[in-house]
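Commentary on secondary and tertiary structure
Residue strings, one per chain:
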Amino acid sequence: MWMRKLRILTPFSQKLLFTKRETITISSSYCKPEFDFHTVEQFFPQYIRRVNFRGNNLGFCGRSLFSCEAAQRNSCWNCCNAKAFLVCTDCGCVQPVDHSVDYFKIFGLEKKYGIEGENLERTYKDWQRKLHPDLVHTKSQKEREYAAEQSARVIDAYRTLTDPLSRAIYILKLEDVHVDEEEKIDDVELLTEMLEIRETVDEAADSQALKQIQEQIQGKFEQSSISFADALQSRKYIEALAAIRRMTYYKRANEEIVKKL
Ligand SMILES: [Zn+2]
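To keep things clear, this report deals only with the structure shown in the data block. What you see is a predicted model; the values in this text were computed from it and never measured.

Thresholds, definitions, all that
Residues numbered from 1 in each chain as written. Predicted model: local features only at pLDDT ≥ 70, side-chain atom pairs only at ≥ 80, totals over all residues. Heavy atoms only, no water. Helix = DSSP H or I, 4+ residues; strand = E, 2+ residues; numbered from the N terminus. Buried < 20%, exposed > 50% of the residue type's maximum accessible area, 1.4 Å probe, protein only. Contact = heavy atoms within 4.5 Å. Polar contact = N/O pair within 3.5 Å; in protein donor to acceptor, adjacent residues only side chain to side chain. Axes fitted to C-alpha atoms, helices over the stretch in contact; angles between N-to-C directions. Parallel < 35°, antiparallel > 145°, perpendicular 65-115°, else oblique. Left-handed = near helix turned anticlockwise from the far one by under 90°. Phe/Tyr/Trp six-rings, centres within 6.5 Å; stacked < 30°, edge-to-face > 60°. Core = buried A, V, L, I, M, F, W, Y, C linked by side-chain atoms within 4.5 Å. Domains from an automatic or database assignment.

Brief notes about the overall build of the chain
- In terms of regular secondary structure, the chain is built from nine helices and four strands.
- Moving toward the C terminus, one meets the helices and strands of the chain in the order α-β-β-β-β-α-α-α-α-α-α-α-α.
- Looking at the chain as a whole, 40% of its 261 residues are labelled buried.
- The contacts of the chain with a sequence gap of at least 6 include a subset with a gap of at least 24, amounting to 60%.

Some thoughts on the side chain of R246
- For R246, the location among the structural elements is in helix α9 (residues 237-260).
- Separated by 3.0 Å, the side chains of R246 and E193 make a polar contact.
- With near-sequence residues (within four places) excluded, R246 lies in contact with D187, E189, L190, E193 and S224.

Describing the packing of helix α7 (residues 188-203) against helix α8 (residues 207-233)
- Between α7 and α8, the shortest axis-to-axis distance is 10 Å and the interhelical angle comes to 160 degrees. The orientation of α7 with respect to α8, classified from their angle, is roughly antiparallel. You can see that α7 and α8 cross each other, and the crossing is left-handed. Contacts between α7 and α8 involve E193, I197, T200 and V201 from the first element and L210, I213, I217 and K220 from the second.

Brief notes about unusual backbone geometry
- Although it is not a glycine, L86 sits at a positive phi angle of roughly 55 degrees.
- With respect to the helices, strands and loops of the structure, L86 is situated in the loop between β4 (64-67) and α2 (103-106).
- The phi dihedral of R235 is positive, around 55 degrees, even though this residue is not glycine.
- Tracing the backbone through its elements, the reader meets R235 in the loop between α8 and α9.

Re the packing of aromatic side chains
- The tally for this structure, following the rule as stated, stands at six aromatic pairs.
- Taking 5.7 Å as the distance between ring centres and 70 degrees as the angle between the ring planes, the aromatic pair formed by F85 and W127 counts as edge-to-face. Highlighted residues: F85 in the loop between β4 and α2 and W127 in helix α3 (residues 120-131), separated in sequence by 42 residues.
- Here F85 falls in the partly exposed class, since its relative accessible area comes to 23%.
- Between Y124 and Y158 the ring centres are 4.0 Å apart and the planes differ by 15 degrees, which places this aromatic pair in the stacked class. Remark: Y158 occurs in helix α5 (residues 141-162) and Y124 occurs in helix α3; sequence separation between them is 34 residues.
- On the basis of relative accessibility, which here comes to 18%, the residue Y158 falls in the buried class.
- Ring-pair connections join several aromatic residues into one group, and the members of that group are Y103, F104 and Y170.

With respect to the side chain of Q95
- Mapped onto the elements, Q95 comes out in the loop between β4 and α2.
- Within the local environment of Q95, its side chain forms a polar contact with the backbone oxygen of C93, the two atoms lying 2.9 Å apart.
- Each residue touching Q95, except ones within four places of it in the same chain, is listed here: S75, C76, W77, A84, F85, L86, V87, C88, Y146 and Q150.

Some details on the nonpolar core
- Judged by nonpolar contacts, the single largest core of 50 residues is most densely connected at I106, F107, L161, L172, F228 and I244.
- Those elements giving two or more residues to this core turn out to be α2, α3, α5, α6 (164-174), α7, α8 and α9.
- Top element by residues in this core is α9. It accounts for eight residues.
- Here this core spans two domains, since at least three of its residues come from each of domain 2 (103-162) and domain 3 (188-260).
- Contacts of I106, omitting those with residues within four sequence positions, involve F85, L86, V101, T123, W127, R153, V154 and A157.
- By size, the runner-up hydrophobic cluster in this structure holds five residues, among which are C76, C79, C88 and C93.

Right, here's the structure in full:
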């Protein structure tokens with residue numbers, strides 16, 4: 001932390017006034033380690049959020065200036081709040097997308113497959129409200145762009161996590177397991193089962209019969225989802241991939257039925 005310096009202020013603050021929001025390089029001749037940055041607030045115009053001092057990023061936190069370098073990652077680009085996430089809780093500034101933050105973290109969840117009991121919708125709506133174009137339209141172009149990107153990512157995250165199949169694929173990708181979603185199936189047992197399902201769907205006399213088949217398929221899908229969770233927990237990725245294959249097929253079969261209903 002740079003908790004030093006100041007006094008020099010007159011020439012210094014004048015310089016800042018001219019440059020407004022730009023990054024400012026403070027010459028080393030202004031550095032007097034015995035001075036305290038806390039007093040800086042009397043001299044610095046409040047709209048200056050960031051300065052560059054001897055190659056260090058300094059930022060205002062509240063009304064004092066300190067080095068953001070250590071906390072730069074995951075900290076607010078505007079006020080250096082180290083806990084800033086999507087939207088800074090301190091200054092309300094929208095943060096740029098950080099791809100190292102996974103979808104589970106966006107919803108404050110532990111990275112695990114079984115999240116059925118969690119209320120994702122509330123967090124989802126909360127983020128969308130904070131990132132909504134109507135709410136950020138008075139902000140800078142940069143923040144509006146951040147908000148649009150963050151909002152799109154939150155939508156992706158919500159859709160991915162609320163769908164058991166997408167969530168399974170996503171969590172395997174996080175584990176660095178390659179999932180080929182276009183893979184050709186050579187599992188004879190599964191292929192035979194799918195043919196049988198197709199035949200029963202084709203032969204179904206009415207919507208009542210179709211709904212019955214749909215229920216059975218839903219049951220099989222849920223069973224595969226449980227198999228996936230078990231395989232993932234014991235890190236048996238080949239089994240996990242096989243479960244994903246089944247879920248994919250059951251999902252498609254269900255879509256076919258929905259079309260007919
Ligand atoms: Zn902030």
